[in-house]
Amino acid sequence: MELSLEAAVAVCCDRVRPLNSEEVHIDTAFMRIAAQDIYSPVDVPGCDISTMDGYVISAYDLQRLNEGQRVSLSVNGVIGAGSTAERSVGPGESHKIMTGARLPAGGAAIVKLEEVTADRAGHTVTLEPGLKTGPHIAPAGCEIKSGSLLAAQGQRLNAEGAERIAAAGIAEIKVHKLPRVAIIDTGNELVLPGNPLKAGQTYASSRSLLAAAVLSDGALPIPADAVTADEAASIAGAINEALAVCDLILISGGTGAGDYDLVYDAMRLLSADLLYRGLKLLPGSGSATAVLHNKLLFNLPGKPQAAGIIYEATVRPALRKMKGENRYQPQWFSLPLGGDIKNIKPQRCLYRGEMTIRQGRVFAHPMGKTDWASEALPLLIDLQPGQGQAGDIVRACFRS
């Protein structure tokens, strides 16, 4: 049951529901997904405040100043930020006021400190004719109005969003729980890093790549303690163990048609509901996804780079929907290919790439298997059959 990439993503996402919610402190809510609309209970600021250090004056004295008169004012005190004392200012009066301090009753404008002449004792200030001044006052609610929406359900909370919620005085918010993602490596040839290799063995590195990808998507990776042997019963046992503690399972390796590619057999042993076996693209022609106990099981290629590409193309949308995100589908856009593909294929292919800028133009630059990531924006590049020459218009989306 081979599917196109779009059909595979659709069928997987259709089987996913957002996880339940939990309450977290706003200080730990970064990149979490709001489980409900969050509204401000207060105005921010809660009162009119000064936006600079200066002297507050009344409307009467502001008018005199604007008419070109010299204005002398008695200074009745200093208002610091955070002061809760009730103050007022009338004609001929002033208060020295600090940035962020509450505006006293009757205050109409703030004159900058450097634009006044004060007597040596600081009890009187003089404003010279022709002095131009703005109000320099932030009115109550100018940043956030009481009742305004701070975060919508399904919105990922970035640093600015968390700050706005905290500014409204909200300490605890409801967010969706973080998905727990099991990572199972299969392969008799694999050895976990830190152990000695024997001839014919190789280190299991896909787990590190997949764990990093899961973390970058704001979920919790749970790699298996050991590599699973290429035996259907062993793979089925590892899946059962993961089902007990995880919400989604990634199985790397065993996607081919060889004697030891037994992940599909393990899925059948468990009577899993197969969604597809094989994608109509490279890499991933042998990838499969099934559902067992309402949890998705993704079988990804064993080669690390291929596993990473198929993770980004198929797993990421489903995982983000499970997190509760509204925008879980990749946002594809078109741009020219910035370099030639070495081996152009007659099949649809996905490649790692980077966004580069040359002479003011933006390109999707393909990366080979041995290319290391640079500081450029990472892309997933979608090549249609026969595409691969520099200048071809291709689809791409950002990778995390």
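Residues numbered from 1 in each chain as written. Predicted model: local features only at pLDDT ≥ 70, side-chain atom pairs only at ≥ 80, totals over all residues. Heavy atoms only, no water.

1. Examining the overall build of the protein
Logical step 1: When you go through the protein residue by residue, the secondary structure sums to 7 helices and 25 strands.
Logical step 2: Expected size for 400 residues packed as a compact globule is a radius of gyration near 21 Å; at 31 Å, the protein overshoots this value by more than 25%.
Logical step 3: Its C-alpha atoms give the protein principal-axis dimensions of roughly 95 × 50 × 40 Å.
Logical step 4: Taking contacts inside the protein between residues at least 6 apart in sequence as the whole, the part at least 24 apart equals 70%.
Logical step 5: Averaging the positions of the 38 positive and the 42 negative side-chain charges in the protein gives two centres separated by 3 Å. (Helix = DSSP H or I, 4+ residues; strand = E, 2+ residues; numbered from the N terminus. Rg over C-alpha atoms; globule rule 2.2 N^0.38 Å. Contact = heavy atoms within 4.5 Å. Lys, Arg positive; Asp, Glu negative; His and termini not counted. Charge placed at Lys NZ, Arg CZ, Asp CG, Glu CD.)

2. Focus on the packing of helix α4 (residues 206-216) against helix α7 (residues 304-323)
Logical step 1: The geometry of α4 relative to α7 is characterised by a closest axis approach of 9 Å and an angle of 30° between their N-to-C directions. By the angle between their directions, the pair α4 and α7 is classed as roughly parallel. By crossing handedness, the relation of α4 to α7 is classed as right-handed. On α7, the residues touching S206, L209, L210, A213, V214 and S216 of α4 are P304, A307, G308, Y311 and R316.
Logical step 2: Broken down by class, the residue content of the contact of α4 with α7 amounts to 7 nonpolar, 3 polar and 1 charged. (Axes fitted to C-alpha atoms, helices over the stretch in contact; angles between N-to-C directions. Parallel < 35°, antiparallel > 145°, perpendicular 65-115°, else oblique. Left-handed = near helix turned anticlockwise from the far one by under 90°. Nonpolar A, V, L, I, M, F, W, Y, C, P; charged D, E, K, R; others polar.)

3. Details of the nonpolar core
Logical step 1: By size, the foremost hydrophobic cluster in this structure holds 38 residues, and its most contacted members are L248, L250, Y276, L296, F298, L300 and Y311.
Logical step 2: When contributions to this core are tallied by element, the ones reaching two or more residues are α1 (5-14), β13 (180-185), α4, β17 (248-252), β18 (273-277), β20 (295-300) and α7.
Logical step 3: What F298 contacts, discounting residues up to four positions off in sequence, is C12, L248, I249, L250, I251, Y276, A288, T289, T314, V315 and A318. (Core = buried A, V, L, I, M, F, W, Y, C linked by side-chain atoms within 4.5 Å. Buried < 20%, exposed > 50% of the residue type's maximum accessible area, 1.4 Å probe, protein only.)

4. Topic: unusual backbone geometry
Logical step 1: Going from V44 to P45, the amide bond is cis rather than trans, its omega being -10°.
Logical step 2: Along the chain, the position of P45 falls in the loop between β2 (38-39) and β3 (49-50).
Logical step 3: If you check the backbone angles, M31 has positive phi at about 70° while not being a glycine.
Logical step 4: Along the polypeptide, M31 turns up in the loop between β1 (21-25) and β2.
Logical step 5: Classification of M31 as partly exposed rests on a relative accessible area of 28%.
Logical step 6: For N294, which is not glycine, the phi dihedral falls at a positive 65°.
Logical step 7: By the element assignment, N294 lies in the loop between β19 (288-292) and β20.

5. Brief notes about the sheet that holds strand β25 (residues 393-398)
Logical step 1: In spatial order, the strands read β21-β25-β24-β22-β23; together these 5 strands make up an open sheet with antiparallel pairing. Each edge of the open sheet is held by one strand with a lone partner, namely β21 (333-336) and β23 (361-366). Averaged over neighbouring strand pairs, the angle between their axes works out to 45° when direction is ignored.
Logical step 2: Sheet topology note: the strand β22 (residues 349-358)/strand β24 (residues 377-383) ladder contains 7 bridges and is antiparallel. Within the sheet, the bridge partner assigned to R352 lies in β24 and is L380.
Logical step 3: Running over the sheet, α7 touches β22 and β24 and is turned about 85° from β22. (Pairing = 2+ DSSP bridges.)

6. A closer look at α1
Along an α-helix, a turn takes 3.6 residues, which lines up residues three or four apart on a common side.
Logical step 1: Taken together, the buried positions of α1 are L5, A8, V9, C12 and C13. Each buried residue of α1 lies within a common arc of 120° when the element is viewed along its axis, so the set occupies one face.
Logical step 2: Those residues of α1 that are buried are in contact with β18, β19, β20, α7 and β22. (Arc of directions from axis to C-beta.)

7. Some points on the layout of surface pockets
Logical step 1: The calculated volume of the second largest pocket comes to roughly 500 Å³.
Logical step 2: Lining the second largest pocket we find 20 residues, and of these R156, R320, R327, Q329 and Q331 sit closest to its centre.
Logical step 3: Only α7 and β25 provide two or more residues apiece to the lining of the second largest pocket.
Logical step 4: Examining the composition of the lining of the second largest pocket, we find that 4 residues originate from one element, α7, more than from any other.
Logical step 5: Split into classes, the residues belonging to the lining of the second largest pocket amount to 7 nonpolar, 6 polar and 7 charged. (1 Å grid on protein atoms, 1.4 Å probe; cavity = no way out; pocket = protein on both sides within 12 Å on 5 of 7 lines; lining within 4 Å. Points joined across faces, edges and corners; volume = space filled by probe spheres on them.)

8. With respect to the side chain of D217
Logical step 1: Tracing the sequence through the fold places D217 in the loop between α4 and β16 (220-223).
Logical step 2: At a separation of 3.0 Å, a polar atom in the side chain of D217 contacts the side chain of R320. (Polar contact = N/O pair within 3.5 Å; in protein donor to acceptor, adjacent residues only side chain to side chain.)

9. Focus on the side chain of E325
Logical step 1: Here E325 shows up in the loop between α7 and β21.
Logical step 2: Within the local environment of E325, its side chain forms a polar contact with the side chain of R156, the two groups lying 2.9 Å apart.
Logical step 3: Residues contacting E325, with those up to four places away along its chain left out, are I33, G154, R156 and R320.

10. Comments concerning helix α5 (residues 232-243)
Logical step 1: In a regular helix each residue adds 1.5 Å, so 12 residues correspond to 16 Å; α5 covers 16 Å between its end C-alpha atoms and thus fits that length.
Logical step 2: Among the residues making up α5, those that are buried are A232, I235, A236, A238, I239, A242 and L243. Axial view of α5: buried residues confined to an arc of 160°, hence all on one face. Opposite its buried face, α5 presents the exposed residues A233 and E241, each directed more than 90 degrees away.
Logical step 3: On its buried face, α5 sits against β13, β17, α6 (263-269), β19 and β20. (Expected span 1.5 Å × (residues − 1).)

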